[in-house]
Amino acid sequence: MQAEPKKSQAGNSKEDSRSKDAQAASLVGQEYEVEVGPVAHGGHCVARTAEGRVLFVRHTLPGEKVIARVTEGDEDSRFLRADAVTVLDPSKDRVEAPCPYAGPGRCGGCDWQHAKPGAQRRLKGEVITEQLQRLAGLTPEEAGWDGTVVPAEGDKLPSGEVPAWRTRVQYAVDPDGNAGLRRHRSHEVEPIEHCMIAAPGVSELGIEKHDWSGMESVEVIAATGSQDRQVILEPKPGARLPLVELDKPVSVLRIAEQDGGVHRVHGRPFVRERADGRTYRVGNGGFWQVHPKAAETLMLAVMQGLTPRKGETALDLYCGVGLFAGAIADRVGDQGAVLGIESGKRAVEDARHNLAAFDRVRIEQGKVEAALPRTGITEVDLIVLDPPRAGAGKQTVRHLTKLGARRIAYVACDPAALARDLGYFRDGGYRVRSLRAFDLFPMTHHVECVAILEPAAKGSSAKSPGAAS
């Protein structure tokens, strides 16, 4: 008699997977009365049911008692996602959300519309503290951080007032051609008449009043360094572009169905931004900080931390269109040199254009982890890196720690990635000299940090942010 084939002990066959899925009963819609615990990274707080299930609850604040309705998860899930649909015992930091589209099941663009501005910054500070401790083993004191998250200039507003800061908004389009914003963790569209956090340069175009049938998305960019306005259309397969007639002059670009590239339809293929007294060209919807004050704020924080000296050499990694490379080049002078590395082809073209006046600045195209070893550089005085949300990673950090830089500036938009990479830097012989946190994404859970590192041999106690040598 022929033996039957053995089943995988891992239980990962399609049949086993279907069987397991069938057994796991969905808990979506289930409601629990819970005491809300601490804030967690991602715009929610942690709570536990009476049975010990972990809930990640949005639209609540630490210390509240709420009715939480499950939005994702089943009996087998390690944790459940939920919305606070009824607040039984509100926090003193709670306010009524100024935005009519905020709340359970509505627009997912903001996380903290229901919290006072000061409370939002405290929550972000608590997240940074928790991530530093959990992922890098660092206390705020060891990171040279005073625990505060600083608002951008002009953003310190009373409760109920919302800073209009977002200079770049991507509208989704519903089946009826209405522009709106995605609901949280969903492809469903929440049609809106106005986004409260959109910058005036975005709102003045009147995107929400127009019919966008046939479009998948409509992205708007309103430069703060000029009057340049740009609309990037993403058509649905086979759809034709509409005639774009908005309330203000705009350039129009489209995302090609074939290659996903951005192509000019009419007008300039770039917008002009300003920082550190210089104009920067940013083409084809390329990266520039979204908050109007962000580029200048971060540039100053990096320069204050690095304290560039005449004749020094520097690396600007993930350099985009050259913001930090330009600022450093100004300060190291004709005897200094800066090498920027950027993966985006159009961003490299823009960076070379933006920094053409500097003879000693070179921009290389490629992914940092591959391009940096190819440069043959074995030592450098200064390094600035502004990696994507995932961070730089162990391999890149390990390479950087071998270059002997006297100062490294790490610009981070994700506290978890920052903490992980700071741990790698510590393993490579660097310590955090100072850390500063900026609230450049009000009403959301996002926060921007600038960490300044130096060789650990220079001392064991962190200095205050921005301290000179």
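Refer to the structure printed above.
Worth saying up front: this structure is predicted, and the values here are computed from it rather than measured.

> Give me the lowdown on the layout of surface pockets, citing residues and values where you can.
Estimated volume of the second largest pocket: approximately 290 Å³. T71, D83, P104, G105 and H184 are the residues nearest the centre of the second largest pocket, which is lined by 20 residues in total. Taken together, the elements giving at least two residues each to the lining of the second largest pocket come down to β4 (65–72) and β5 (80–89). When its residues are assigned to classes, the lining of the second largest pocket shows four nonpolar, seven polar and nine charged.

> Tell me what's going on with the nonpolar core, and back it up with residues and numbers.
Counting residues in hydrophobic clusters, the biggest one holds 75 residues, and the most contacted among them are Y171, I207, W212, V231 and V302. Broken down by element, the residue count for this core peaks at eight residues, all from helix α4 (residues 294–306). When sequence neighbours within four positions are dropped, the list of residues in contact with Y171 reads A179, G180, L181, I192, V202, I207, E208, S217, V218 and V220. One finds L317, V380, A405 and I408 within the second-largest nonpolar core, a separate group that totals 38 residues.

> Break down the packing of helix α8 (residues 394–401) against helix α9 (residues 415–427) for me, with residues and values.
The geometry of α8 relative to α9 is characterised by a closest axis approach of 9 Å and an angle of 40° between their N-to-C directions. One element, α8, and the other, α9, form an angle in the oblique class. The handedness of the crossing between α8 and α9 is right-handed. Along the contact surface, α8 presents K394, V397, L400 and T401, while α9 presents D421, Y424 and F425. Across the contact of α8 with α9, the residue classes tally to four nonpolar, one polar and two charged.

> Can you break down the state of the cysteines residue by residue, with the values?
Applying the stated rule across the entire model yields zero disulfides. Lacking any disulfide linkage, C319 is separated from the closest cysteine sulfur, that of C413, by 16 Å. The thiol of C413 is unpaired, and the distance to the nearest cysteine sulfur, on C449, comes to 9.5 Å. On the basis of relative accessible area, C413 is assigned to the buried category, the value being 17%.

> Which residues make up the packing of aromatic side chains, and what are the values?
If you walk through the whole model with that rule in mind, you get five aromatic pairs. Consider the rings of F56 and F79, whose centres lie 4.6 Å apart with planes at 35°: the pair is tilted. Pair noted here: F56 is in strand β3 (residues 54–58) and F79 is in the loop between β4 and β5, with a separation of 23 residues, a long-range link. Judged by its relative accessible area of 24%, F79 is partly exposed. Centre to centre, the rings of Y410 and F425 are 6.4 Å apart; their planes meet at 85°, and the pair counts as edge-to-face. Here F425 lies in helix α9 and Y410 lies in strand β20 (residues 407–412), a separation of 15 residues in the sequence. In this structure Y410 comes out as buried when scored by relative accessible area, which is 1%.

The rules behind these values
Residues numbered from 1 in each chain as written. Predicted model: local features only at pLDDT ≥ 70, side-chain atom pairs only at ≥ 80, totals over all residues. Heavy atoms only, no water. 1 Å grid on protein atoms, 1.4 Å probe; cavity = no way out; pocket = protein on both sides within 12 Å on 5 of 7 lines; lining within 4 Å. Points joined across faces, edges and corners; volume = space filled by probe spheres on them. Helix = DSSP H or I, 4+ residues; strand = E, 2+ residues; numbered from the N terminus. Nonpolar A, V, L, I, M, F, W, Y, C, P; charged D, E, K, R; others polar. Core = buried A, V, L, I, M, F, W, Y, C linked by side-chain atoms within 4.5 Å. Buried < 20%, exposed > 50% of the residue type's maximum accessible area, 1.4 Å probe, protein only. Contact = heavy atoms within 4.5 Å. Axes fitted to C-alpha atoms, helices over the stretch in contact; angles between N-to-C directions. Parallel < 35°, antiparallel > 145°, perpendicular 65-115°, else oblique. Left-handed = near helix turned anticlockwise from the far one by under 90°. Disulfide = S-S within 2.5 Å. Phe/Tyr/Trp six-rings, centres within 6.5 Å; stacked < 30°, edge-to-face > 60°.

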